[in-house]
Each structure stands twice: as C-alpha cells, then as structure tokens.
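These are the residues of each chain, in order.
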Amino acid sequence: STGLYEELKNTPEGNGSVWDNTLVVHWNELAQGDTHDTSQNLVVLAGGMGGYFRRGRYLDFQRNTTRGFSDMLVSCFHYMGYDTVTRFGDALLSSNAPLGDLV
C-alpha cells in the first residue's frame, strides 16, 4: 500500500494531490483468519479524505457489536455524498447510522 499512497500523493489534483481527496479503507472481516475470530477487527482509514474524517486517532469500540463494519461503511457512503444511506448489510449488525466518532 505504500506504493499506492506515494502515487496518490504525487498525482496533482486541484490545489493539492489525489491523496488529499481520497479515502482508502483497509480491513479484513476476520480479525484472525485461522480461527475466524471477528471480535477484534482492525480497520485503517487512510488518505486526506477531503478533511471529512478526523485523522491520526485510534478508536476502540470495545467489541460493540451494534457499532461495527456496517456503520463504518455507512460513514464511508456519507463521505462519498450518499447521505441517504443509513444501513448496510444485515440489520442485526447495524445501528442504522454512521459512526459519529469518525467525523
């Protein structure tokens, strides 16, 4: 991913670079592949994201199953301008809202 990051940073766009207005999401739905554990997943949001998300933080949701990947993806939809999206995936795994802690 370092090569991708450098390419995005070195590609001019507007008053900055493509990196400044890009969201790269790194995640694996399994926290540990050999056991299929899903209790401690790591998600990395990278890029300038147009300043939409606050950066440089570590957020721990304490294994809160009602604030998980579905809500994170709703947050990503909102970043892309799709504010009418309130849920993604299984309704049992969603709080029907974006992760407010991200913005």
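We now turn to the structure provided with this report. What you see is a predicted model, and the numbers here were worked out from it, not measured in a lab. (Residues numbered from 1 in each chain as written. Predicted model: local features only at pLDDT ≥ 70, side-chain atom pairs only at ≥ 80, totals over all residues. Heavy atoms only, no water.)

A tally of helices and strands in the protein yields 2 helices and 4 strands. For the protein, the sequential pattern of α-helices and β-strands runs α-β-β-β-β-α. With 103 residues in all, the protein has 24% of them scored as buried. Surface exposure of the protein reaches about 6,900 Å², of which carbon and sulfur atoms provide 51%. (Helix = DSSP H or I, 4+ residues; strand = E, 2+ residues; numbered from the N terminus. Buried < 20%, exposed > 50% of the residue type's maximum accessible area, 1.4 Å probe, protein only. Areas by Shrake-Rupley, 256 points an atom, 1.4 Å probe, with all protein chains shown as cover.)

A word on a nonpolar patch on the surface. Among the surface-exposed residues, Leu42, Val44 and Tyr58 lie close enough to one another that they form a single nonpolar patch of about 350 Å² accessible area. Structurally, Leu42 can be placed in the loop between β3 (24–27) and β4 (43–46). Taking relative accessible area as the criterion, Leu42 reaches 56% and is therefore assigned exposed. (Patch = residues over 30% accessible without salt bridge, like charges linked within 9 Å, V, L, I, M, F, W, Y side chains within 5 Å. Salt bridge = Lys/Arg side-chain N within 4 Å of Asp/Glu carboxyl O.)

If you trace the backbone, Ser75 turns up in helix α2 (residues 69–79). Given the relative accessible area of 2%, Ser75 is considered buried.

Bringing the packing of aromatic side chains into the picture now. All told, the structure shown has 6 aromatic pairs when counted by the stated rule. Seen from their ring centres, Tyr52 and Phe53 are 4.9 Å apart, and the 85° between their planes marks the pair as edge-to-face. Look at Tyr52 and you get partly exposed, because its relative accessible area is 33%. Sitting above the plane of the Trp19 ring, Lys9 keeps its charged end 4.9 Å from the centroid. (Phe/Tyr/Trp six-rings, centres within 6.5 Å; stacked < 30°, edge-to-face > 60°. Lys NZ or Arg CZ within 6 Å of the ring centre and 35° of its normal.)

Here the focus is the nonpolar core. Of all hydrophobic cores here, the largest spans 9 residues; its members are Leu23, Met49, Phe53, Met72, Leu73, Cys76, Tyr79, Leu99 and Leu102. For Leu23, the contacting residues outside a window of four places in its chain are Leu45, Ala46, Met49, Phe53, Cys76 and Tyr79. Grouped together as the second largest cluster of nonpolar side chains are 5 residues, Tyr5, Leu8, Val24 and Ala46 included. (Core = buried A, V, L, I, M, F, W, Y, C linked by side-chain atoms within 4.5 Å. Contact = heavy atoms within 4.5 Å.)

Phi at Met49 takes a positive value of approximately 55°, unusual for a residue other than glycine. On the secondary structure map, Met49 appears in the loop between β4 and α2. We note that Asn96 has phi near 65°; this positive angle belongs to a residue other than glycine. With respect to the helices and strands, the residue Asn96 is situated in the segment after α2.

Okay, α2 next. Here α2 lies mainly inside the structure; 9 of its 11 residues are buried. All buried positions along α2 are accounted for by Ser70, Asp71, Met72, Leu73, Val74, Ser75, Cys76, His78 and Tyr79. Elements that come into contact with the buried residues of α2 comprise β3 and β4. Following α2 by one or two positions, Gly81 has its phi on the positive side, about 95°.

Its place among the elements puts Phe88 in the segment after α2. Distance from Phe88 to Phe69, taken between C-alpha atoms, is 8.7 Å for residues 19 residues apart in sequence. Those residues within four positions of Phe88 in sequence are excluded, and the remaining contacts are Ser70, Leu73, Val74 and Phe77.

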